[in-house]
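# Understanding the architecture of this molecule
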Amino acid sequence: MKLLGTVLLTLLPMSAASAPQVWLGASGGYTHIVPDGSGQTSKNGYHLFLDASAETTTGNWNLGVGGGFFYNRVYSDGERDFPTDDPDVVREQRNLRIETRAGSAALSARYRLWDGHIEAGLLIRHLFGSSLSFSQDKDSNQSKFFVGPQLILKTAADTAWMQRVDLNLTSDLNVPKRRVYLLAAGFAIGRTWPITQPPQPEPASKPAERFEEILADKVINFPSGSSQLQEPALTFLKEFGQFLQKHPEHWQSMTVEGHTDKKGKLDYNMKLSQDRSDAVRRVIVDQGVVQNKVHAQGFGPTRPLKDGDSPEILALNRRVVMVFTISHREGRQEVSREIQRLRQKHFGE
């Protein structure tokens, strides 16, 4: 436990670039035990984890630490016949139920794929308790380690709460005389921390104001036919999302509009513009911005800035527009000033 705590204190400061997330979840699944000795049969059962964890993102990596409760039950017809009166030795029993209850601590490192919807990486579990032999034998070692691959699927939802599905397979490193496999699937809900409260609405005498910031194709750039963001646009959006997360008083809501040129089929361009606006929104939300304040909408080629077929006009019509709703003029000035600062920093404008 002391080792895991040290790693936690080391990892969390690395990820100051994004707001940490707090998750609560439950998982369970299949337990398979293979004894090392001859003449013994494999055992099967089930297990349950109840976990709380804190996670943070640095670059494309998600780092997490957590803890909770572990319960395991397997069934056996007895492993050996011990001809002894020693009270610490369990005699052979029929239909024996072997239970394990322990505390659990976990470390994870996962790489983010497909705009963060899927994460894949390594999970390390530390189980600690008074009986962790997973057998009839007594075991003085009160600490066991498990390691294995982990796959996370995060659902997209325009709500303050996030959801995810977890699948992992771990195997023990130090359970004596047997190999223990834990195949688990689970579900968790989470929120960014600290929880950012939406700004209080302004009095009716001060109606909200809307304004637009047009980001040309050279600023928010995508490869042809793709919704994959490129550098330096990706860093530009991350830093702008961090600004919005730190200063919710400057704005009430935001809509990311995606626009394409008129080359190609209309249905294809409508979907492409929606995918691109969704990609921009995800980067901003990943910085800890309240999800239900940021929306995305694709218009394809239906709202050109200028009609024409020249390369210059087509490039002009390919754009991302950020439409803000604000409650005071100072907020507009601060948001516009930050966008201009980031454009100068990353694009030299």
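Residues numbered from 1 in each chain as written. Predicted model: local features only at pLDDT ≥ 70, side-chain atom pairs only at ≥ 80, totals over all residues. Heavy atoms only, no water.

Further remarks concern the overall build of the protein chain. Scanning the protein chain from terminus to terminus reveals five helices and twelve strands. Buried residues in the protein chain amount to 44% of all 349 residues. Within the protein chain, contacts between residues at least 6 apart in sequence are counted, and of these 68% link residues at least 24 apart. Total accessible area on the protein chain stands at roughly 17900 Å², and carbon and sulfur atoms take up 57% of it. (Helix = DSSP H or I, 4+ residues; strand = E, 2+ residues; numbered from the N terminus. Buried < 20%, exposed > 50% of the residue type's maximum accessible area, 1.4 Å probe, protein only. Contact = heavy atoms within 4.5 Å. Areas by Shrake-Rupley, 256 points an atom, 1.4 Å probe, with all protein chains shown as cover.)

This part is about the layout of surface pockets. Empty space within the second largest pocket amounts to approximately 240 Å³. For the second largest pocket, the lining is made up of 15 residues, of which S224, G225, D261, R276 and R318 are closest to its centre. For the lining of the second largest pocket, the element with the most residues is helix α3 (residues 266-285), which contributes four residues. The residue makeup of the lining of the second largest pocket, split by class, is five nonpolar, five polar and five charged. (1 Å grid on protein atoms, 1.4 Å probe; cavity = no way out; pocket = protein on both sides within 12 Å on 5 of 7 lines; lining within 4 Å. Points joined across faces, edges and corners; volume = space filled by probe spheres on them. Nonpolar A, V, L, I, M, F, W, Y, C, P; charged D, E, K, R; others polar.)

Here we take up the packing of aromatic side chains. One pass over the structure, following the stated rule, counts eight aromatic pairs. Taking 5.3 Å as the distance between ring centres and 20° as the angle between the ring planes, the aromatic pair formed by F211 and F324 counts as stacked. You can see F211 sitting in strand β9 (residues 209-216) and its partner F324 sitting in strand β12 (residues 319-326), a full 113 residues away along the chain. Of the residues examined, F211 reaches a relative accessible area of 3% and is grouped as buried. (Phe/Tyr/Trp six-rings, centres within 6.5 Å; stacked < 30°, edge-to-face > 60°.)

If you look at the biggest cluster of nonpolar residues, it comprises 30 residues, and the most contacted ones within it are I220 and F324. For this core, the secondary-structure elements that each account for two or more residues are β9, α2 (233-246), β10 (253-259), α3, β12 and α5 (329-347). It is α2 that contributes the most residues to this core, seven residues altogether. Contact partners of I220, with chain neighbours within four places excluded, come to L215, L229, A233, F236, L237, V280 and V320. Listed in part, the 13 residues of the second largest apolar core include F49, V74, I98 and L132. (Core = buried A, V, L, I, M, F, W, Y, C linked by side-chain atoms within 4.5 Å.)

Pairing in this open sheet of four strands is mixed, and the strands run β9-β12-β10-β11 from one edge to the other. Two strands lie at the open edges of the sheet, namely β9 and β11 (294-300), each paired on one side alone. With direction set aside, neighbouring strand axes in the sheet form an average angle of 20°. Here β10 pairs with β11 via six bridges, running parallel. If you follow G258 over to β11, its bridge partner there is G298. Sheet strands touched by α3: β10, β11 and β12. Its angle to β11, the strand with the most contacts, is close to 160°. (Pairing = 2+ DSSP bridges. Axes fitted to C-alpha atoms, helices over the stretch in contact; angles between N-to-C directions.)

It should be kept in mind that the predicted coordinates are not to be read in detail where pLDDT is low. Per-residue confidence for the protein chain averages 82 on the pLDDT scale, and 80% of its residues sit at or above 70. Taken element by element, the protein chain is modelled with least confidence in helix α1 (residues 2-11), mean pLDDT 44, and with most confidence in strand β5 (residues 118-128), mean pLDDT 94. Note that residues 78-82 has pLDDT below 50 and, in this model, 19 contacts with residues that lie over four places away or in other chains. Across residues 89-94, where pLDDT falls below 50, the model places 21 contacts with residues more than four positions away in sequence or in other chains. (pLDDT = per-residue confidence, 0-100.)

What follows deals with the packing of α2 against α3. Look at α2 against α3: their axes get within 8 Å of each other, and the N-to-C directions meet at 50°. In terms of their interaxial angle, α2 and α3 are classed as oblique. Remark: the crossing between α2 and α3 carries right-handed chirality. From α2, L234, L237, K238, G241 and L244 reach across to α3, where they touch V280, V283 and I284. (Parallel < 35°, antiparallel > 145°, perpendicular 65-115°, else oblique. Left-handed = near helix turned anticlockwise from the far one by under 90°.)

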